[in-house]
Amino acid sequence: MDTSSENMEPQRQTLKPVTSLSLGRYHISEEYGFLLQNPLGKQKKELPDQYRPWMEIARELPHLIESHQLRAHVYKVHVLFFSSRHPACCNPPSMPLLDSRFLKSHREQRLAHLVLAAITMGFVWQEGETQPPKVLPRTLAIPFVEVSRKLGLPPILVHSDLVLTNWTKRNPEG
């Protein structure tokens, strides 16, 4: 047994300096964590005006699903939106194919994912398990997949939609 002082001294380890991380880079808030800050607040719950067709459906979603009208609404409600902007058009598309590239911020992309996921799930399961459609309309599927890819999320309703992006304060002042 060697009892020399050499072996009794604690070994010094070289520690590497900790690199500071920017929480904002990962869309994390010191105050809210992974929650999207006040996503459904009065002035922040809307997407830019060009995405109004999505928001119109989203606002009526519970009623449209309950009345079994969501699929019909997805196919026809936007004829009015499109034709009001292009009155000379005699055969407008049933739902405009909206370009997701104009969703500028992470916040807008997250809200769009929530809206498109909710519309998609309602569209698929409107009639329950007996009659799910085999194909989504491309005007719903394409932007949903594009937004999902930008966010690194699957094109389905996920936890971040249901919980982290879909909340509001009970007391707006507190």
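Located above this text is the structure these notes cover.
Read on for an overview of the structure. Quick caveat: nothing in here was measured; it's all calculated off a predicted structure.

Considerations on helix 4 (residues 106–125)
- In this model helix 4 runs 28 Å from its N-terminal to its C-terminal C-alpha over 20 residues, within 8% of the 28 Å that 1.5 Å per residue would give.
- Here helix 4 lies mainly inside the structure; 16 of its 20 residues are buried.

Things to note about the nonpolar core
- By size, the foremost hydrophobic cluster in this structure holds 22 residues, and its most contacted members are Leu47, Trp54, Ile57, Leu70 and Leu103.
- Of all elements in the fold, only helix 2 (52–66), helix 3 (70–85), helix 4 and helix 5 (138–151) reach the threshold of two or more residues within this core.
- Ranked by residue count, the leading element in this core is helix 4, at seven residues.
- In this structure, leucine 47 is in contact with Trp54, Met55, Leu103, Glu108, Leu111 and Ala112, ignoring residues within four places of it in sequence.

With respect to the packing of helix 4 against helix 5
- Packing of helix 4 against helix 5 brings their axes to within 9 Å, and their N-to-C directions diverge by 135°. Relative to helix 5, the element helix 4 lies oblique. Handedness of the helix 4/helix 5 crossing: left-handed. Where helix 4 approaches helix 5, its residues His106, Gln109, Arg110, Ala112, His113, Leu116, Ala117, Ile119, Thr120 and Phe123 are matched on the opposing element by Leu140, Pro143, Phe144, Val147, Ser148, Lys150 and Leu151.
- Considered class by class, the residues forming the contact of helix 4 with helix 5 number ten nonpolar, five polar and two charged.

Quick notes on the pattern of salt bridges
- This model, assessed by the stated rule, comprises two salt bridges.
- When the shortest N-O distance is used, the salt bridge between arginine 52 and glutamate 56 registers 3.6 Å. Of this pair, arginine 52 and glutamate 56 both sit in helix 2, four residues apart, which is roughly one turn of that helix.
- For arginine 52, a relative accessible area of 30% puts it in the partly exposed group.

Some remarks on helix 5
- If you check helix 5, its first and last C-alpha atoms are 20 Å apart, about what 14 residues at 1.5 Å a residue would give, namely 20 Å.
- Backbone geometry just downstream of helix 5 places glycine 152 in the positive-phi region, at approximately 75°.

Calculation criteria
- Residues numbered from 1 in each chain as written.
- Predicted model: local features only at pLDDT ≥ 70, side-chain atom pairs only at ≥ 80, totals over all residues.
- Heavy atoms only, no water.
- Helix = DSSP H or I, 4+ residues; strand = E, 2+ residues; numbered from the N terminus.
- Expected span 1.5 Å × (residues − 1).
- Buried < 20%, exposed > 50% of the residue type's maximum accessible area, 1.4 Å probe, protein only.
- Core = buried A, V, L, I, M, F, W, Y, C linked by side-chain atoms within 4.5 Å.
- Contact = heavy atoms within 4.5 Å.
- Axes fitted to C-alpha atoms, helices over the stretch in contact; angles between N-to-C directions.
- Parallel < 35°, antiparallel > 145°, perpendicular 65-115°, else oblique.
- Left-handed = near helix turned anticlockwise from the far one by under 90°.
- Nonpolar A, V, L, I, M, F, W, Y, C, P; charged D, E, K, R; others polar.
- Salt bridge = Lys/Arg side-chain N within 4 Å of Asp/Glu carboxyl O.

Don't take any of this as a statement about function, it's just geometry.
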